[in-house]
Amino acid sequence: DAGVTQSPTHLIKTRGQHVTLRCSPISGHKSVSWYQQVLGQGPQFIFQYYEKEERGRGNFPDRFSARQFPNYSSELNVNALLLGDSALYLCASSPRQGDTGELFFGEGSRLTVL
Amino acid sequence: RKEVEQDPGPFNVPEGATVAFNCTYSNSASQSFFWYRQDCRKEPKLLMSVYSSGNEDGRFTAQLNRASQYISLLIRDSKLSDSATYLCVVNLGGGYNKLIFGAGTRLAVHP
């Protein structure tokens, strides 16, 4: 079975642009979470979606938004990009909504903002 | 204060050595605890859960002290393949998967 897949794997944008990152969870997993990992730091929680509804949001500005589709895939959108948004964006899926620590991560989308 | 703090790295150890990582967390309401492993430029993967009674998985032993809000990971008989960054992770619970990750401790095992 395929694991969590993310696209694109690498992308370069300039300040002020917009980016959309995509994620397909493991088949049968209904929960998708997004994390941002800046170089040298651990992943930081951005959003969790379960059954197409936002279930949790981290401490990120409104420039960050996401959604989950009926097939449980998800998109993360970031508007008005800043240099500080350069990071690895990780998508993770799990079969349940919450109270579990086992998340299955994709390989990430590495965003560089120039 | 960071929500999850870990030993600064890197730890450079020879093969066969025993190495211990420590971690503290600030939120006493934290519900569950984990160690994840992240290889260079790869995604994090769950290594093991951590329970108050302590738990062992082969060469790896994890301990949790809720009173001290302290988590540890012990690796015995280190292998070259153990070289990675080890992330201490806390789940605050509340019905959804908001995992709080530490910054990680880098381990380098050399021949």
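Residues numbered from 1 in each chain as written. Chains lettered and ligands numbered in written order. Predicted model: local features only at pLDDT ≥ 70, side-chain atom pairs only at ≥ 80, totals over all residues. Heavy atoms only, no water.

Peer 1: I keep staring at the packing of aromatic side chains and nothing clicks. Help me out?
Peer 2: The relation between two aromatic rings is expressed through the spacing of the ring centres and the mutual angle of the planes. Taken as a whole and judged by the stated rule, the model has 11 aromatic pairs over all chains. Between Tyr35(A) and Phe105(A), the aromatic rings sit 5.7 Å apart at their centres with planes inclined by 65°, giving edge-to-face as the arrangement. Separated by 70 residues along the polypeptide, Tyr35(A) in strand S4 (residues 31-37) and Phe105(A) in strand S10 (residues 104-105) bring together distant segments of the chain. Accessibility assignment for this pair places Tyr35(A) and Phe105(A) in one class, buried. Relative to Phe101(B), the ring of Tyr36(B) has its centre 5.6 Å away and its plane inclined at 65°; by these criteria the two rings are edge-to-face. Separated by 65 residues along the polypeptide, Tyr36(B) in strand S4 (residues 32-38) and Phe101(B) in strand S10 (residues 99-101) bring together distant segments of the chain. Overall, Tyr36(B) belongs to the buried group, its relative accessible area being 0%. A residue is classified by how much of its surface remains accessible, and Phe101(B), at 8% relative accessible area, is buried. Each residue in the set Tyr35(A), Phe45(A), Phe105(A), Tyr36(B) and Phe101(B) is aromatic and connected to the rest through ring pairs, giving one cluster. (Phe/Tyr/Trp six-rings, centres within 6.5 Å; stacked < 30°, edge-to-face > 60°. Helix = DSSP H or I, 4+ residues; strand = E, 2+ residues; numbered from the N terminus. Buried < 20%, exposed > 50% of the residue type's maximum accessible area, 1.4 Å probe, protein only.)

Peer 1: What exactly am I supposed to notice about the state of the cysteines here?
Peer 2: Each disulfide consists of one covalent bond between the sulfur atoms belonging to two cysteines. If you walk through the whole model with that rule in mind, you get two disulfides over all chains. Two residues share a disulfide in this structure: Cys23(A) and Cys91(A), whose sulfurs sit 1.8 Å from each other. Given an S-S torsion of about -65°, the disulfide between Cys23(A) and Cys91(A) has left-handed geometry. Of this pair, Cys23(A) sits in strand S3 (residues 19-24) while Cys91(A) sits in strand S9 (residues 87-94), and the two are 68 residues apart along the sequence. The two residues Cys23(A) and Cys91(A) agree in class, both being buried. Between the sulfur of Cys23(B) and that of Cys88(B) lies a disulfide, 2.0 Å long from S to S. (Disulfide = S-S within 2.5 Å.)

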